Amino acid sequence: MVISLSLVPAHTPPLFWSCVGLYADAVKLLSPSRRLQTLAEEIARYSRRPPETHEQALLRRMQQAETLTEYENCTIDLDNLQGHEAWKKETESIEPGYNPDVIESQVIRLKNAVADQDLDAMQHLLRTGLSRDLGGMNMSRLYKHSWFGTKFLIDDYINTVLETIQTFAETSIRTNVPTAEVRLHQQSLEDALKFFGRSALTLSGGALLGMKHIGVVKTLWEAELLPEIISGASAGSIVAGIVGSSTDERMAEVLEYFPFSDLAVFDPPGTGSAGWLVQRLHTFLRTGAFFEMDNLKRVMKSWLGDITFREARYKTGRVLNICVSSAGNAEPRLLNFVTAPDVFIWSAVCASCAVPNVFPPANIYEKDPITKEEKLWMQNAQQTFVDGSLDHDIPMRKLSEMFNVNFFIVSQVNPHVRVFLDQEEVFRGKQPTAPVRVRNPLQTAKELLRQEIIHRAQQLSDLGLPQGLYRWASLFNQQYTGDINVLPEIKPSEYLHMMMNPTPEFMVEATVAGERATWPRMCRIKNCVAIELALIQAIHTLRDRVNFGPEARAAREQKRSRSRGRAGRGRSARPSFLRRRSLSIESPVKGDNALTVPQPLKVRRNVSLGNISVRPSFSITTPRTTPYLSPQVGIDQDLLSDALVMTRTDSNSLDGSNIDGHTAEVSNISRRRAPF
């Protein structure tokens, strides 16, 4: 009955509830049934509950929101109701390091350049003035003063930069700008992207809890804010591998189908409770691990097939990274299209999920570039690999070095990590009054405990004990957080099912948990990632203009017209036995055995090199004071005479050979071979 009453609209007038309460009191007093009296008492108590205010209704709707749009509408209404819009309109804030004057002056410059359609000014500002933390605008505390968004000044800066990038690209295409100048504009945007840096989405391990990452990816994809660089470790590598190998056209279908697909990575489908326990004991006695790798291999092959890292890069344009660890030492590895281009992604995922004593150490396989057959990767090293979270759950240093990543969005669900993480400041409807957040004493105690564990492990290492006794301490000696941390909610009951196959019901709940954890951070993610994605799109637009514009088409047509009517003998009309077959320094044959001066090789410069000269303008070798004795260079007569004089002293060792005759013969040769 109470549940039925709760379905009554919240705007029901108080007179209705007063009548219901009076009627329930009458039933309670006059009814002979004990059960009916209890029910009437409960209805009377419910009817006298204080009516729900508009603010409470918005909070309830926000917590029960099913889409990002519904969540944002509730938060915007709450900000208007509680008066937080006034703080957004102000330029100042209490946070130290926040400088609105720097942001405001940059906005004015950008708007003036856009209004004047000044390509040079826009190019200069985009190349030198972009920054994620301009005037301290990237600090997380600026997003703890309201339910939705931050200062209007910061939003104005982001939108102005996006408009400038779009105007710069469109103006370069619409106007009759030569292709060479468009190429310079493209290079300037590439330089701006290098200076601005790249962002990456990193998915942590966490066994069954790692399935919550799919909700994070789904939210970013639907908002068109999914970074091109994705990294995954252990359970996170499953989601990263599937997302990193899916094209944009299939991404929506993959995200929708994933929770209902076959994800029986621990046991075959349909394994009962009794069979599960017997099979675990049997597998542990036989292999030393509780689970076999066959089920995980089957699931990943059904999703990924035989695609490699290089093929996934060409197919999707994304940079997929999977973390693995060596079984014999603490050497972390990051597998991607640079370090392991021909490695099968399913093989890398299996190795990254090989938690010690849960799965046996795994081999990694690659595709032979010639035969296309499966073969062992690093066969000569004879290495096996284990869980990627063991040594680097979040590979920040590797990603920074390889792909210029300076902004990390971390989805963290590792249970042993969440215990030690500092509780993030959460906005509860009241704006902070202190410039700096006060540190929690409990978190200080956790940090001391973590440092003590690392110290004891280092002592065991100094004593020379086997690495297996203290390698687990590396779990506490890592950086598990990034610039934006998404922490999906974990229920206590979920810890008991971490090593069991996920059900469709659990997958739906995990997806919702990942989405709800990402929604409050979407404003900051948008402000930090939107500029980067706009730069990438503008670079692709200008590159298409350079490669497929009017001048490029005219050049191709001219080349095609010149080739008409010629014999189709390839790129050279000379006989095959006269063509040069190498890049050696020997001179080509011309005419009647005549020698010509060898022409320097024409180097085809890459577009990204810009105006960098290929050949150095100075010599780095010491000039030789005496000429080389080479037929191509010629022979100096004075030097030859000196050499012959020196040989006369050893004329007895020549077995009667005539030095003068030899001198005359060499002189004739030198006259015939004149220097070039």
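Residues numbered from 1 in each chain as written. Predicted model: local features only at pLDDT ≥ 70, side-chain atom pairs only at ≥ 80, totals over all residues. Heavy atoms only, no water.

As recorded in an unreviewed UniProt entry, the protein chain goes by PNPLA domain-containing protein and comes from Cladophialophora psammophila CBS 110553. Per UniProt, the protein chain has the following entry under Function (unreviewed entry): "Probable lipid hydrolase." (UniProt positions renumbered as here; feature names shortened; annotations may be inferred.)

Tell me about the overall build of the protein chain, and please be specific about residues and values.
Looking only at helices and strands, the protein chain has 25 helices and eleven strands in total. Counting every position in the protein chain, which comprises 676 residues, the buried fraction comes to 42%. Taking the contacts inside the protein chain whose residues are at least 6 apart along the sequence as the reference set, 76% of them involve residues at least 24 apart. Of the roughly 38700 Å² of accessible surface on the protein chain, a fraction of 56% belongs to carbon and sulfur atoms. (Helix = DSSP H or I, 4+ residues; strand = E, 2+ residues; numbered from the N terminus. Buried < 20%, exposed > 50% of the residue type's maximum accessible area, 1.4 Å probe, protein only. Contact = heavy atoms within 4.5 Å. Areas by Shrake-Rupley, 256 points an atom, 1.4 Å probe, with all protein chains shown as cover.)

Tell me about the packing of aromatic side chains, and please be specific about residues and values.
For the structure on display, the rule yields twelve aromatic pairs. Ring geometry for Phe-266 and Phe-359: centres 6.0 Å apart, planes at 20°, overall stacked. Of this pair, Phe-266 sits in the loop between helix H13 (248-257) and helix H14 (273-287) while Phe-359 sits in the loop between helix H17 (345-352) and strand E5 (365-367), and the two are 93 residues apart along the sequence. What makes Phe-266 buried here is its relative accessible area of 6%. For the ring pair Phe-337 and Phe-403, a centre distance of 6.2 Å and an interplane angle of 25° mean the geometry is stacked. Taken as a pair, Phe-337 in the loop between strand E4 (332-335) and H17 and Phe-403 in helix H18 (residues 396-403) lie far apart in primary sequence, 66 residues in all. Exposure remark for Phe-337: the relative accessible area of 25% places this residue in the partly exposed category. Joined through ring pairs, the aromatic side chains of Tyr-257, Phe-258 and Trp-303 make up one cluster. In this structure, Arg-313 packs its charged tip against the face of Phe-337, placed 5.2 Å from the ring centre. (Phe/Tyr/Trp six-rings, centres within 6.5 Å; stacked < 30°, edge-to-face > 60°. Lys NZ or Arg CZ within 6 Å of the ring centre and 35° of its normal.)

Explain the UniProt feature "active site" (unreviewed entry) in the protein chain residue by residue, including any values.
Look at the UniProt record and you will see "active site" (unreviewed entry) annotated at Ser-234 and Asp-387. Maximum C-alpha separation among the annotated residues is 5.7 Å over a sequence range of 154 residues, consistent with a single clustered spot. By secondary structure assignment, the location of Ser-234 is in the loop between strand E2 (229-233) and helix H12 (235-244). By relative accessible area, which is 5% here, Ser-234 ends up buried. Sequence-distant contacts of Ser-234, defined by excluding residues within four places in its chain, comprise Gly-205, Ser-352, Cys-353, Val-355, Asp-387 and Ser-389. Within the secondary structure, Asp-387 sits in the loop between strand E7 (385-386) and H18. Under the relative-accessibility criterion, Asp-387 is labelled buried at 8%.

Account for H12, naming residues and giving values.
Taken across its ten residues, H12 has ten buried, putting it largely inside the fold. All of the buried residues in H12 are Ala-235, Gly-236, Ser-237, Ile-238, Val-239, Ala-240, Gly-241, Ile-242, Val-243 and Gly-244.

Let's hear about the pairing of strand E1 (residues 198-203): which residues, and what values?
Extensive coverage of E1 is indicated by the burial of six of its six residues. Of the two faces of E1, the one lined by Arg-198, Ala-200 and Thr-202 and the one lined by Ser-199, Leu-201 and Leu-203 are each fully buried. As paired strands, E1 and strand E8 (residues 405-411) are joined by six bridges and run parallel to one another. By the bridge assignment for E8, Leu-201 is matched with Ile-409. The sheet contact formed by E1 and E2 spans four bridges and is parallel. When the bridges of E2 are listed, Leu-201 appears paired with Ile-230. In this fold, the crossover linking E1 to E2 by way of helix H11 (residues 213-222) has right-handed handedness. (Pairing = 2+ DSSP bridges. Right-handed = clockwise from strand over helix to strand, strands pointing away.)

Give me the nonpolar core: which residues, what numbers.
A general tendency of soluble globular proteins is for nonpolar side chains to be buried together. With 67 residues, the main nonpolar core has Met-211, Met-300 and Ile-345 as its most contacted residues. Here the element with the most residues in this core is H17; it accounts for six residues. The residues contacting Met-211, other than those within four sequence positions of it, are Ala-235, Ile-238, Val-239, Phe-258, Leu-263, Phe-506, Met-507 and Ala-510. (Core = buried A, V, L, I, M, F, W, Y, C linked by side-chain atoms within 4.5 Å.)

So, the packing of helix H10 (residues 179-196) against helix H22 (residues 522-548): which residues are in play, and what are the values?
A pair of packed helices is characterised by two quantities: the angle between their axes and the separation of those axes. As a packed pair, H10 and H22 sit with axes 9 Å apart at the nearest point and diverge in direction by 160°. In this view, H10 runs roughly antiparallel relative to H22, as classed from their interaxial angle. For the crossing formed where H10 meets H22, the hand is left-handed. Of the residues in H22, those in contact with Thr-179, Val-182, Arg-183, His-185, Gln-186, Leu-189, Glu-190, Ala-192, Leu-193 and Phe-196 of H10 are Cys-528, Ile-531, Glu-532, Leu-535, Ile-536, Ala-538, Ile-539, Leu-542, Arg-543, Arg-545 and Val-546. Of the residues in the contact of H10 with H22, the class split is 13 nonpolar, three polar and five charged. (Axes fitted to C-alpha atoms, helices over the stretch in contact; angles between N-to-C directions. Parallel < 35°, antiparallel > 145°, perpendicular 65-115°, else oblique. Left-handed = near helix turned anticlockwise from the far one by under 90°. Nonpolar A, V, L, I, M, F, W, Y, C, P; charged D, E, K, R; others polar.)

Pulling in residues and values, what's your account of unusual backbone geometry?
The backbone of Glu-224 sits at a positive phi, close to 60°, despite the residue not being glycine. Tracing the sequence through the fold places Glu-224 in the loop between H11 and E2. Although it is not a glycine, Asn-357 adopts a positive phi angle of roughly 70°. Turning to its location among the elements, Asn-357 is positioned in the loop between H17 and E5.

Lay out a nonpolar patch on the surface with the relevant residues and their values.
A cluster of nonpolar side chains, contributed by Phe-260, Val-508 and Val-512, occupies part of the molecular surface with about 240 Å² of accessible area. With respect to the helices, strands and loops of the structure, Val-512 is situated in helix H21 (residues 504-518). With a relative accessible area of 33%, Val-512 lands in the partly exposed category. (Patch = residues over 30% accessible without salt bridge, like charges linked within 9 Å, V, L, I, M, F, W, Y side chains within 5 Å. Salt bridge = Lys/Arg side-chain N within 4 Å of Asp/Glu carboxyl O.)

Tell me about H18, and please be specific about residues and values.
Of the residues making up H18, those classed as buried are Met-396, Leu-399 and Phe-403. Here the buried residues of H18 occupy an arc of 75° about the axis, which is enough to place them on one side. Every exposed residue of H18 that faces more than 90 degrees away from the buried side is listed here: Arg-397 and Glu-401. Elements in contact with the buried residues of H18: E1, E2, strand E3 (319-326), E4 and E8. With its phi angle positive at about 60°, Asn-404 sits one or two positions after the end of H18. (Arc of directions from axis to C-beta.)

Tell me about the packing of helix H7 (residues 100-115) against helix H8 (residues 119-128), residues and numbers included.
It is at 8 Å that the axes of H7 and H8 come closest, and there the two elements cross at 150°. Classified by the interaxial angle, the pair formed by H7 and H8 is roughly antiparallel. Regarding H7 and H8, the two cross each other, and that crossing is left-handed. Contacts between H7 and H8 involve Gln-106, Arg-109, Leu-110, Ala-113 and Val-114 from the former and Ala-121, Met-122 and Leu-125 from the latter. Residue composition of the contact of H7 with H8, grouped by class: six nonpolar, one polar and one charged.

Break down a negative patch on the surface for me, with residues and values.
Judged by side-chain charge, Glu-90, Glu-92, Asp-101 and Glu-104 come together as a negatively charged surface patch. Secondary-structure assignment places Glu-104 in helix H7. On the basis of relative accessibility, which here comes to 37%, the residue Glu-104 falls in the partly exposed class. (Lys, Arg positive; Asp, Glu negative; His and termini not counted. Charge placed at Lys NZ, Arg CZ, Asp CG, Glu CD.)

Quick rundown of the pattern of salt bridges? Include the residues and the values.
Scanning the model with the defined rule gives 19 salt bridges in all. We note a salt bridge from Asp-156 to Lys-111, for which the minimum N-O separation is 3.2 Å. Separated by 45 residues along the polypeptide, Asp-156 in helix H9 (residues 152-174) and Lys-111 in helix H7 bring together distant segments of the chain. Judged by relative accessible area, which is 28%, Asp-156 ranks as partly exposed. Its salt-bridge partner being Glu-228, residue Arg-198 comes within 3.1 Å of it at the nearest N-O pair. Taken as a pair, Arg-198 in strand E1 and Glu-228 in the loop between H11 and E2 lie far apart in primary sequence, 30 residues in all. A relative accessible area of 15% places Arg-198 in the buried class.

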